[in-house]
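# Observations on the three-dimensional arrangement
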Amino acid sequence: VAQVYRQLRINYEANRQEIEAGDFYIGQMEMRRINRELYWVYRLLLNVYRAIAMYGESYWRPLLLYFAVAFMMAFAYLLGGFEVNGRDVDYALSFDVGNVGSFLRDYPRGLYYALTAGAFLRGEIPTPSSWLPLVQYVNMLVNILLITLFVVALRRGFHR
């Protein structure tokens, strides 16, 4: 069945019917994903690829996930603690209503760190807490994955 999907995709791409070709590409990848003869790691990677970018057919999914992860990771940066202009930023699960103003003032800095993790012009965190480098590393790996899947989907769209 996967070979039939592949041949149909090739035929539709040759006739410049890109939307239909994309549907058959998804079908081809689905047949590959449910193949029990493949190693479980490969099937797991295909499941992740499907969930995040619909096999490279959707560039909106990885882009939206990138920003959603950044908004969540900004909280982790604020909980981890760092220093801004000589002032310690550390909310360490002791947030109260009186801190709303300072939280709103510090959240953009945490969001900046979360958005730029994994980028070439990454913002360096001054005096991070002991576990904040782990948060930064996880954030960097997820950002690189999502940006890569976004670029793959864009490339696939422009390739057509």
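Scroll up to find the structure.
Below, the structure is looked at part by part.

About the cut-offs
- Residues numbered from 1 in each chain as written.
- Predicted model: local features only at pLDDT ≥ 70, side-chain atom pairs only at ≥ 80, totals over all residues.
- Heavy atoms only, no water.
- Helix = DSSP H or I, 4+ residues; strand = E, 2+ residues; numbered from the N terminus.
- Buried < 20%, exposed > 50% of the residue type's maximum accessible area, 1.4 Å probe, protein only.
- Contact = heavy atoms within 4.5 Å.
- Areas by Shrake-Rupley, 256 points an atom, 1.4 Å probe, with all protein chains shown as cover.
- Axes fitted to C-alpha atoms, helices over the stretch in contact; angles between N-to-C directions.
- Left-handed = near helix turned anticlockwise from the far one by under 90°.
- Nonpolar A, V, L, I, M, F, W, Y, C, P; charged D, E, K, R; others polar.
- Core = buried A, V, L, I, M, F, W, Y, C linked by side-chain atoms within 4.5 Å.
- Salt bridge = Lys/Arg side-chain N within 4 Å of Asp/Glu carboxyl O.
- Expected span 1.5 Å × (residues − 1).
- Phe/Tyr/Trp six-rings, centres within 6.5 Å; stacked < 30°, edge-to-face > 60°.

Helix and strand counts for the protein stand at 6 helices and 2 strands. Helices and strands in the protein line up, N terminus first, as α-α-α-α-β-β-α-α. For the protein, the proportion of its 160 residues judged to be buried stands at 34%. Contacts spanning at least 24 positions in sequence make up 58% of the contacts within the protein whose residues lie at least 6 apart. Of the roughly 10300 Å² of accessible surface on the protein, 64% is carried by carbon and sulfur atoms.

Although it is not a glycine, methionine 54 sits at a positive phi angle of roughly 50°. Within the element layout of this structure, methionine 54 appears in the loop between helix 3 (40–53) and helix 4 (60–80). Backbone geometry places tyrosine 55, a non-glycine residue, at a positive phi of 60°. Looking at the element boundaries, tyrosine 55 is found in the loop between helix 3 and helix 4. Relative accessible area serves as the criterion here: at 0%, tyrosine 55 is assigned to the buried category.

Here the focus is the packing of helix 2 (residues 18–33) against helix 3. It is at 9 Å that the axes of helix 2 and helix 3 come closest, and there the two elements cross at 150°. Read as a crossing pair, helix 2 and helix 3 show a hand that is left-handed. Counted together, Tyr25, Met29, Glu30, Arg32 and Arg33 of helix 2 and Tyr42, Arg43, Leu46, Asn47, Tyr49 and Arg50 of helix 3 form the full contact between these two elements. Classifying every residue of the contact of helix 2 with helix 3 by side-chain character gives 5 nonpolar, 1 polar and 5 charged.

A few words now on the nonpolar core. Ranked by internal contacts, the top residues of the largest apolar core, which has 29 residues, are Tyr49, Tyr55, Tyr77 and Phe82. Sorting the residues of this core by element identifies helix 2, helix 3, helix 4, helix 5 (100–116) and helix 6 (132–159) as the ones contributing at least two each. Looking at this core element by element, the count peaks at 8 residues for helix 4.

Enumeration according to the criterion identifies 3 salt bridges in this entry. Between glutamate 30 and arginine 50 there is a salt bridge; the shortest N-O distance is 3.1 Å. Here arginine 50 lies in helix 3 and glutamate 30 lies in helix 2, a separation of 20 residues in the sequence. Since its relative accessible area comes to 31%, arginine 50 is described here as partly exposed. If you follow the salt bridges from partner to partner, you end up with Glu30, Arg33 and Arg50 in one network.

In this section: helix 1 (residues 2–14). Over its 13 residues, helix 1 runs 18 Å from end to end, which matches the ideal 18 Å to within 8%, given 1.5 Å per residue. Two residues or fewer after helix 1 comes arginine 16, characterised by a positive phi angle close to 60°.

Moving on: the packing of aromatic side chains. With the rule as written, the count across this model stands at 9 aromatic pairs. Ring centres of tyrosine 12 and phenylalanine 24 lie 5.3 Å apart, and the angle between their planes is 10°; this geometry places the pair in the stacked category. Of this pair, tyrosine 12 sits in helix 1 while phenylalanine 24 sits in helix 2, and the two are 12 residues apart along the sequence. Given a relative accessible area of 24%, tyrosine 12 falls into the partly exposed group. Pairing tyrosine 77 with tyrosine 113 gives two aromatic rings, centres 6.2 Å apart and planes at 55°, and the pair type is tilted. Of this pair, tyrosine 77 sits in helix 4 while tyrosine 113 sits in helix 5, and the two are 36 residues apart along the sequence.

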